[in-house]
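# Architecture and fold: a report
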Amino acid sequence: MRRETESFSGQVVLVHGDTHSMQINKPLRDRKTRKVIENFTRVETYGAPFLGWVRGIVDDADPKLFRFEPRPWPMHTLGQ
């Protein structure tokens, strides 16, 4: 994935779940320089018991192209 992302001129997003914590980050680094690979973004979705959703916005006028807005569900509404 690192090699493919580095050779791609656009933005790359990986969306996944299953570790029960929501996070949006840039975890890939160049193996030689250790600099963050800026065109790769990971979106890890919510998982039980912490639920919610993530809004993804595509804005072709923004050089970053993608924007993400976490939308957690309040704990007091779960189970009602």
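What comes next is a walk through the structure. (Residues numbered from 1 in each chain as written. Predicted model: local features only at pLDDT ≥ 70, side-chain atom pairs only at ≥ 80, totals over all residues. Heavy atoms only, no water.)

## A look at the packing of aromatic side chains
To describe a pair of aromatic rings, one takes the distance between the centres and the angle between the planes. Applying the stated criterion to the full structure yields one aromatic pair. Between F66 and F68, the aromatic rings sit 6.3 Å apart at their centres with planes inclined by 20 degrees, giving stacked as the arrangement. Classification of F66 as partly exposed rests on a relative accessible area of 28%. (Phe/Tyr/Trp six-rings, centres within 6.5 Å; stacked < 30°, edge-to-face > 60°. Buried < 20%, exposed > 50% of the residue type's maximum accessible area, 1.4 Å probe, protein only.)

## Considerations on the pattern of salt bridges
Counted under the stated rule, the structure contains two salt bridges. Taking the shortest distance from any N to any O, the salt bridge between E69 and R55 comes out at 3.5 Å. Highlighted residues: E69 in strand β5 (residues 66-72) and R55 in strand β4 (residues 52-58), separated in sequence by 14 residues. Between R71 and E69 there is a salt bridge whose closest N-O contact spans 2.5 Å. Ionic contacts of the salt-bridge type, sharing partners, join the residues R55, E69 and R71 into one network. (Salt bridge = Lys/Arg side-chain N within 4 Å of Asp/Glu carboxyl O. Helix = DSSP H or I, 4+ residues; strand = E, 2+ residues; numbered from the N terminus.)

## Re the environment of L14
When you line up the elements, L14 lands in strand β1 (residues 12-16). L14 gets classed as partly exposed once you look at its relative accessible area, which sits at 28%. Considered as a pair, L14 and V43 are 29 residues apart in the sequence and their alpha carbons are 6.1 Å apart. Discounting residues that sit within four places of it in the chain, L14 has contacts with M1, F40, T41, R42 and V43. (Contact = heavy atoms within 4.5 Å.)

## With respect to a positive patch on the surface
Taken together, R3, R29, R31 and R34 make up a surface patch of like positive charges. Inspection of the secondary structure puts R3 in helix α1 (residues 2-6). The exposure class of R3 is exposed, given its relative accessible area of 67%. (Patch = residues over 30% accessible without salt bridge, like charges linked within 9 Å, V, L, I, M, F, W, Y side chains within 5 Å. Areas by Shrake-Rupley, 256 points an atom, 1.4 Å probe, with all protein chains shown as cover. Lys, Arg positive; Asp, Glu negative; His and termini not counted. Charge placed at Lys NZ, Arg CZ, Asp CG, Glu CD.)

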